[in-house]
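Observations on chain architecture
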Amino acid sequence: MVLTRRDLSAVAIGAALGITAAQSRELRKIGLQLYTVRDLLKRDFEATLRNIALLGYREVEFAGIMGENVTRTRDLLRHLDLAAPSLHADYASLRSNPEQSFETARLLEAGFVVCPWLDPPERQTADDWKRICDNLNAIGERAARAGLVLAYHNHDFEFVDLAAGVRPYDLLLSRTDERFLKFELDVYWATKGKADPAPLLRAHPSRFRLVHLKDMATDGSFTEIGNGTLDFGDIIEAALQSGVEHFFVEQDVAPDPLRSIAVSIAYLRRLG
């Protein structure tokens, strides 16, 4: 699969405009969460990564699909001038055998391992969430000993009050040790949960190190960055002020993923 001139037109416009120095070099290394292109990766792993690099993405975050051989994937990333600073690993695996995920992270030269989801039976009550916090602390301490950082990625359910008005995300922030757990803020899902991403980032500057940039259409569905309702200028400013190190574009559902991620990166570059 090869991108056409038309596919690249939106990116070319954004690239020509560039990014101002005031927005910091972190945003110049825009990343992509590979869940966005999961079906393309299954069909042609190498060509999809080549197209991502051609569009101007400099980082990727893995979410399960890593190619037939992780070492070969690492070598391909180097060849394409792509870095993989982060990967997602499911909660069950992190509890039962975290070293396996840690070893994969080391092979990919990643610094972060992210817990991306909790199954509903795990998270029904405040006591469930307290156990989750204890588990994340323990896994995060093991990650730190391995030279890695554990992070937690949200959806919207973390912002829905439990009994007595307890909000799970508040428990995650207050009951986990910031030495052992950082956060990856998914701005779409936080907004879906009625949380405002920029103030949240500013309120906890020591906790957030990764961000998923994802826009919300007026009907609440997923859309390309810049085509929806989120204020990415404010979000990115807050993220940079709070010490966020990596930004990953993501669109959970996209009829034409390559075109969608081209539109998103062009818009982010125009923010400068």
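Scroll up to find the structure this text is about.
Residues numbered from 1 in each chain as written. Predicted model: local features only at pLDDT ≥ 70, side-chain atom pairs only at ≥ 80, totals over all residues. Heavy atoms only, no water.

1. What about the overall build of the chain?
Across its full length, the chain carries 12 helices and 10 strands. In terms of C-alpha radius of gyration, the chain reaches 18 Å, essentially the compact-globule figure of 19 Å for 272 residues. For the chain, the spread of C-alpha atoms along the principal axes amounts to about 55 × 40 × 35 Å. Each of the 272 residues in the chain was classed as buried or not, and the buried ones make up 53%. The long-range share in the chain, meaning contacts at least 24 apart out of those at least 6 apart in sequence, stands at 77%. By element, 49% of the accessible surface of the chain is carried by carbon and sulfur atoms, the whole surface being about 12,000 Å². Each charge class in the chain can be summarised by its mean position, and for the 33 positive and 39 negative side chains these summaries are 3 Å apart. (Helix = DSSP H or I, 4+ residues; strand = E, 2+ residues; numbered from the N terminus. Rg over C-alpha atoms; globule rule 2.2 N^0.38 Å. Buried < 20%, exposed > 50% of the residue type's maximum accessible area, 1.4 Å probe, protein only. Contact = heavy atoms within 4.5 Å. Areas by Shrake-Rupley, 256 points an atom, 1.4 Å probe, with all protein chains shown as cover. Lys, Arg positive; Asp, Glu negative; His and termini not counted. Charge placed at Lys NZ, Arg CZ, Asp CG, Glu CD.)

2. Section: helix H12 (residues 257-270)
Helix length check: H12 (14 residues) gives 20 Å between terminal C-alpha atoms against 20 Å at 1.5 Å per residue, within 8%. Across the 14 residues of H12, 10 count as buried, placing the element largely inside the fold. Looking only at H12, the buried set comprises Pro257, Leu258, Ser260, Ile261, Ala262, Ser264, Ile265, Ala266, Leu268 and Arg269. (Expected span 1.5 Å × (residues − 1).)

3. Some details on helix H8 (residues 168-175)
Among the residues making up H8, those that are buried are Pro168, Tyr169, Leu171, Leu172 and Leu173. On its buried side, H8 packs onto helix H7 (126-145), strand S5 (149-153), strand S6 (182-186), helix H10 (197-203) and strand S7 (208-213).

4. Let's talk about unusual backbone geometry
Although it is not a glycine, Glu109 sits at a positive phi angle of roughly 65 degrees. By secondary structure assignment, the location of Glu109 is in the loop between helix H6 (98-107) and strand S4 (112-115). A relative accessible area of 47% means that Glu109 is categorised as partly exposed. Despite not being glycine, Lys194 has its phi angle at roughly 70 degrees, a positive value. You can see Lys194 is positioned in the loop between helix H9 (187-192) and H10.

5. Overview of the pattern of salt bridges
Inspection of the entire model under this criterion finds 19 salt bridges. Residues Glu59 and Lys29 are paired through a salt bridge, measuring 3.9 Å at the closest nitrogen-oxygen approach. Within this pair, whereas Glu59 is found in strand S2 (residues 59-62), its partner Lys29 is found in the loop between helix H1 (5-17) and strand S1 (31-33), the two being separated by 30 residues in sequence. Residue Lys29 is classed as partly exposed on the basis of its relative accessible area, which comes to 39%. One salt bridge connects Lys214 with Asp186, and the closest N-O pair in it is separated by 2.8 Å. Within this pair, whereas Lys214 is found in the loop between S7 and strand S8 (215-216), its partner Asp186 is found in strand S6, the two being separated by 28 residues in sequence. (Salt bridge = Lys/Arg side-chain N within 4 Å of Asp/Glu carboxyl O.)

6. Some remarks on the side chain of Thr48
As for its position among the elements, Thr48 is in helix H3 (residues 45-54). A polar contact is formed between the side chain of Thr48 and the backbone oxygen of Leu40, at a distance of 3.1 Å. Excluding its chain neighbours within four sequence positions, the residues that come into contact with Thr48 are Val37, Leu40 and Leu41. (Polar contact = N/O pair within 3.5 Å; in protein donor to acceptor, adjacent residues only side chain to side chain.)

7. Notes on the sheet that holds S4
The pairing of strands in a sheet happens through backbone hydrogen bonds and is either parallel or antiparallel. Pairing within the closed barrel is parallel, and its 8 strands lie in the order S1-S2-S3-S4-S5-S6-S7-S10. Strand-to-strand twist of the sheet, defined as the mean angle between neighbouring strand axes without regard to direction, takes the value 30 degrees. Summarising the sheet, S4 and S5 pair through 4 bridges and their orientation is parallel. Note that in S5 the partner of Phe112 across the bridge is Val149. (Pairing = 2+ DSSP bridges. Axes fitted to C-alpha atoms, helices over the stretch in contact; angles between N-to-C directions.)

8. Topic: the nonpolar core
Note that soluble globular proteins tend to have their nonpolar side chains buried in a common cluster. Ranked by size, the top nonpolar core spans 78 residues in total, and within it Phe62 and Tyr152 carry the most contacts. Looking at this core element by element, the count peaks at 6 residues for H7. Apart from the residues within four sequence positions on either side, Tyr152 is in contact with Val114, Cys115, Leu118, Trp129, Leu136, Phe157, Glu158, Leu172, Leu181, Lys182, Phe183 and Glu184. One finds Val114, Ala151, Leu210 and Phe248 within the second-largest nonpolar core, a separate group that totals 5 residues. (Core = buried A, V, L, I, M, F, W, Y, C linked by side-chain atoms within 4.5 Å.)

Honestly, that's just the spatial picture; any functional story needs more than this.
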